[in-house]
Amino acid sequence: MSIRKVILTGVAVLTASTGGAFAADLGFKGSVKDDGAYVPRASVQPSWYVRVDNAFATYDTPVLIEDGVETLTETGIDGSYALGFGIGHYFTSAIRGDFTYERRFETDVEGNLAHPGATLTGVRRFGLESDVFLWNLYYDFDTRTRFTPYLGVGLGFVRNETTRGVVDDCGCVTGVIAGKETYDVAAALMAGASLKLFRGFHLDAGYRFLYLGEAETGAISITERAGQPAGTVEVSDDPIVEEIHAHEFRIGLRYDFR
């Protein structure tokens, strides 16, 4: 089963479970046939909140494919930082949701093509940055204290942009890699806790597993060839970074409007 299917299954399961909790919080116990009528329990007044988050991410070792057939070796993505903002709503005392935007700052991706039959061997190195948009749903566990653990899921989309890169063969730049913008599905699984501070402020810290889809570069061109200007001879299609997985430590602030 792919990571994407696992995440989507998790989204469905948690959504279903929180849906049941939502009904319970509203006072649905048994059927109308059994009770004749129901009287909903008093619930918390709906309220809104805003949030700001910082994150540091590490990445699983990526799979890089070039020309659809060449698998690069010695692949990796450097750690990166992100800054996000969001607006959310409390549906019940235990269930809340928010819409978030996150800017993921540029990091380096690389992989080596050492196949002797390739037109241009060497290490491919280029930048990767992303904009992530997610709808998130959380279940807060009531500890009757200022400390509130939570679980969450998110689903949305991501804009991955690769920036101009190079091909380095034995310390000599022999090719250039064009940048490219792509869109894909994004999804998240979250666990963390919030600490109530004062006047509606909450300190929020936790872990998030983030699926960022795929990223592509433009074509690779040779930088020098007799009789040709640099960068005009395309020798390879775009390298593709498949199924990008990030592991994040996040910390931020939430402010409630009540």
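Residues numbered from 1 in each chain as written. Predicted model: local features only at pLDDT ≥ 70, side-chain atom pairs only at ≥ 80, totals over all residues. Heavy atoms only, no water.

Next up on the list: the sheet that holds strand β2 (residues 63-66). If you walk across this open sheet you meet the four strands as β3-β2-β15-β12, and the pairing is antiparallel. With one partner strand each, in any of the chains shown, β3 (70-71) and β12 (215-216) form the two edges of the open sheet. As paired strands, β2 and β3 are joined by two bridges and run antiparallel to one another. When the sheet's bridge partners are listed, Ile65 is paired in β3 with Thr71. (Pairing = 2+ DSSP bridges. Helix = DSSP H or I, 4+ residues; strand = E, 2+ residues; numbered from the N terminus.)

Quick look at a nonpolar patch on the surface now. A surface patch of nonpolar side chains, about 870 Å² in accessible area, is lined by Val52, Phe85, Phe147, Leu195, Leu197, Phe198, Leu203, Phe249, Ile251 and Leu253. Examining the composition of the nonpolar patch, we find that three residues originate from one element, strand β16 (residues 245-257), more than from any other. Within the secondary structure layout, Val52 lies in strand β1 (residues 47-59). (Patch = residues over 30% accessible without salt bridge, like charges linked within 9 Å, V, L, I, M, F, W, Y side chains within 5 Å. Areas by Shrake-Rupley, 256 points an atom, 1.4 Å probe, with all protein chains shown as cover. Salt bridge = Lys/Arg side-chain N within 4 Å of Asp/Glu carboxyl O.)

Next up on the list: the packing of aromatic side chains. Overall, the coordinates contain 10 aromatic pairs when judged by the stated rule. Between Tyr138 and Tyr150 the ring centres are 5.8 Å apart and the planes differ by 85 degrees, which places this aromatic pair in the edge-to-face class. Taken together, the residues Tyr138 in strand β7 (residues 122-140) and Tyr150 in strand β8 (residues 147-169) connect sequence positions 12 residues apart. The exposure class of Tyr138 is buried, given its relative accessible area of 3%. (Phe/Tyr/Trp six-rings, centres within 6.5 Å; stacked < 30°, edge-to-face > 60°. Buried < 20%, exposed > 50% of the residue type's maximum accessible area, 1.4 Å probe, protein only.)

In terms of nonpolar packing, the biggest core is built from 33 residues, with Tyr59, Val109, Leu212, Val241 and Ile244 touching the most fellow members. Elements that contribute at least two residues to this core include exactly β1, β6 (95-113), β7, β8, β10 (180-196), β13 (220-222) and β14 (233-236). In contact with Val109, not counting residues within four places along its chain, are Leu64, Gly76, Ile77, Arg124, Arg125, Phe126, Leu128 and Val241. (Core = buried A, V, L, I, M, F, W, Y, C linked by side-chain atoms within 4.5 Å. Contact = heavy atoms within 4.5 Å.)

Below, the discussion takes up empty space enclosed by the protein. For the structure shown, the criterion picks out two cavities of 30 Å³ or more. If you add up the space inside the largest cavity, you get close to 160 Å³. Along its surface, the largest cavity is lined by 17 residues, and Arg51, Asp53, Met190, Arg208 and Arg250 are the ones closest to its centre. Those elements that provide at least two residues to the lining of the largest cavity are β1, β5 (80-90), β6, β7, β10 and β11 (201-211). In terms of residue count, the dominant contributor to the lining of the largest cavity is β11 (four residues). Looking at the lining of the largest cavity residue by residue, the class counts come to seven nonpolar, four polar and six charged. What the second largest cavity holds in volume is close to 60 Å³. Taken together, Tyr59, Ser80, Arg104, Phe105, Thr107, Leu128, Glu129, Ser130, Asn160, Leu212 and Ile244 make up the lining of the second largest cavity. (1 Å grid on protein atoms, 1.4 Å probe; cavity = no way out; pocket = protein on both sides within 12 Å on 5 of 7 lines; lining within 4 Å. Points joined across faces, edges and corners; volume = space filled by probe spheres on them. Nonpolar A, V, L, I, M, F, W, Y, C, P; charged D, E, K, R; others polar.)

A word on the side chain of Asn160. The topology assignment puts Asn160 in strand β8. Residue classification places Asn160 among the buried residues on the basis of a relative accessible area of 0%. Within the structure, the side chain of Asn160 is placed 2.6 Å from the side chain of Ser130, a separation counted as a polar contact. At 3.0 Å, the side chain of Asn160 and the backbone oxygen of Glu214 are in polar contact. Not counting the four nearest positions on each side in its chain, Asn160 is found in contact with Leu128, Glu129, Ser130, Lys180, Glu181, Thr182, Leu212, Glu214, Ala215 and Ile244. (Polar contact = N/O pair within 3.5 Å; in protein donor to acceptor, adjacent residues only side chain to side chain.)

Scanning the model with the defined rule gives 20 salt bridges in all. In this structure, the salt-bridge partner of Arg208 is Glu248, at a minimum N-O distance of 2.8 Å. Separated by 40 residues along the polypeptide, Arg208 in strand β11 and Glu248 in strand β16 bring together distant segments of the chain. No difference in accessibility class separates Arg208 from Glu248, as the two residues are buried. A single network of salt bridges, built from pairs that share partners, joins Arg51, Asp53, Asp98, Glu102, Arg104, Asp204, Arg208, Glu248, Arg250 and Arg254.

A separate point is the environment of Arg124. One can find Arg124 in strand β7. The spacing of Arg124 and Leu64 is 60 residues in sequence and 9.9 Å in space, taken between C-alpha atoms. Aside from chain neighbours lying at most four places away, what touches Arg124 is Glu66, Leu72, Val109, Glu110, Gly111, Leu113, Val166, Val167, Ile177 and Ile220. At a separation of 2.6 Å, a polar atom in the side chain of Arg124 contacts the main-chain carbonyl oxygen of Leu120. Within the structure, Arg124 has its side chain in polar contact with the backbone oxygen of Gly122 (distance 3.0 Å).

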